[in-house]
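A look at the structure
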Amino acid sequence: MKTIALIVMGCGGVGLQLIHHIVSCRSLHANKGVRLRVVGVCDSKSLLVASDVYTMELDDAMLLEVSRVKSNGSSLATLSSSGKHQVYSSPESTRKIIDVASLLGKSKGLTIVDCSASSEAIGVLKQVVDLGCCIVLANKRPLSSSLEDFDKIFGDPRRIRHESTVGAGLPVIASLNRILSSGDPVNRIIGSLSGTLGYVMSEVENGKLFSEVVRTAKNLGYTEPDPRDDLSGMDVARKALILARLLGFRINLDSIKIESFYPEDMGPSVMPVNDFLANGLPLLDKDIEDKIKRASSNGNALRYVCMIEDSRCEVGIRELPKESALGRLKGSDNVLEVYSRCYNQQPLVLQGAGAGNDTTAAGVLADILDMQDLFP
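Residues numbered from 1 in each chain as written. Predicted model: local features only at pLDDT ≥ 70, side-chain atom pairs only at ≥ 80, totals over all residues. Heavy atoms only, no water.

The name that an unreviewed UniProt entry assigns to the protein is Homoserine dehydrogenase, with the source organism given as Heracleum sosnowskyi. Its UniProt record gives the protein the following Catalytic activity (unreviewed entry) comment, quoted word for word: "L-homoserine + NADP(+) = L-aspartate 4-semialdehyde + NADPH + H(+)". In the Cofactor (unreviewed entry) part of its UniProt record, the protein is described as follows: "a metal cation". (UniProt positions renumbered as here; feature names shortened; annotations may be inferred.)

With that settled, the discussion passes to the UniProt feature "binding site: NADP(+)" (unreviewed entry) in the protein. As annotated in UniProt, the feature "binding site: NADP(+)" (unreviewed entry) corresponds to Gly10, Cys11, Gly12, Gly13, Val14 and Gly15 in the numbering used here. The topology assignment puts glycine 13 in helix H1 (residues 13-24). On the basis of relative accessibility, which here comes to 35%, the residue glycine 13 falls in the partly exposed class. As for its placement among the helices and strands, glycine 15 is situated in helix H1. Under the relative-accessibility criterion, glycine 15 is labelled buried at 0%. In this view, glycine 15 contacts Gly10 and Cys115; residues no more than four positions away in its chain are not counted. (Helix = DSSP H or I, 4+ residues; strand = E, 2+ residues; numbered from the N terminus. Buried < 20%, exposed > 50% of the residue type's maximum accessible area, 1.4 Å probe, protein only. Contact = heavy atoms within 4.5 Å.)

On to the packing of aromatic side chains. All chains considered together, the criterion is met by 5 aromatic pairs. An angle of 10 degrees between the planes, with centres 5.2 Å apart, marks the rings of phenylalanine 150 and phenylalanine 154 as stacked. Exposure remark for phenylalanine 154: the relative accessible area of 18% places this residue in the buried category. The cationic tip of arginine 188 hangs over the ring face of tyrosine 339; the distance from NZ or CZ to the ring centre is 5.2 Å. (Phe/Tyr/Trp six-rings, centres within 6.5 Å; stacked < 30°, edge-to-face > 60°. Lys NZ or Arg CZ within 6 Å of the ring centre and 35° of its normal.)

In structure tokens:
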């Protein structure tokens, strides 16, 4: 039985769903000769870790208790230490993760799984790579930070997996790596990489008002609490940057041209979210409606996409042929078109659910298992 030791960073929707997947897939993994040994779980304030990371782990009962506590909105700090596990608070929790990485990284092996959405994880990841640890990411920020951080974390590509940073469970990164490894140069990528914005654009195309669609999406839980976090395009830009860097682009986030749905004077620092929802959004309806009509008259559909081509990396609203994969997109699916020498006239198209805690966590779990050959 091959054993993979894990520390899970982040106990939000994706992290908790990952824990459930690990527990529920025990027999499946056993049949494949693999056991996932969770030695630590942390949230933004605390770390729960096995008392002896060499011989002990957080058993399934403890993992389900973690899920219950976090689902109730409490901190891991509310759990009590025992003979089986210890609870550490920040900043001691960060030092303890490094200690565990030092103990296991180059001996038994350790995978740090970052399911957070925090930039604070970058400092930890930069340290554990030097300690022989593997890294699995759902968090986009480490690979869309500065080039210095990217180079450090991505120093040994064999020891990092990050499929869920771009398309949740879609095999976007794996497909690109296969194409690039074959010597087939990718010359163009265009994709709708936000389930939220894909839903918004397809609903507006059906004749609904932009403001109404955004409010509906918020009520359905498709958007962030402040929809401007989605409408700014920054999330798509981070995904585009990760893809561009895979293609060899030596650029930072501020090199990407990002088109926002709203003007600066409607930004979070200027207009409260409730004011934006009630008064700001309706002011955007006419412009979006005009763009939809203009695209339709040209035989095109309007989509919010990332475009990576030549030396350009851009994110924004574009007219695309209605008969293309992106033009046919409906609902919250992600769609990516990849053009290369082999996929020249007809692109490689990847399409499917590009969001959701369950789908993203499944992608993270697959990434963890994909590195089993690196463990003794």
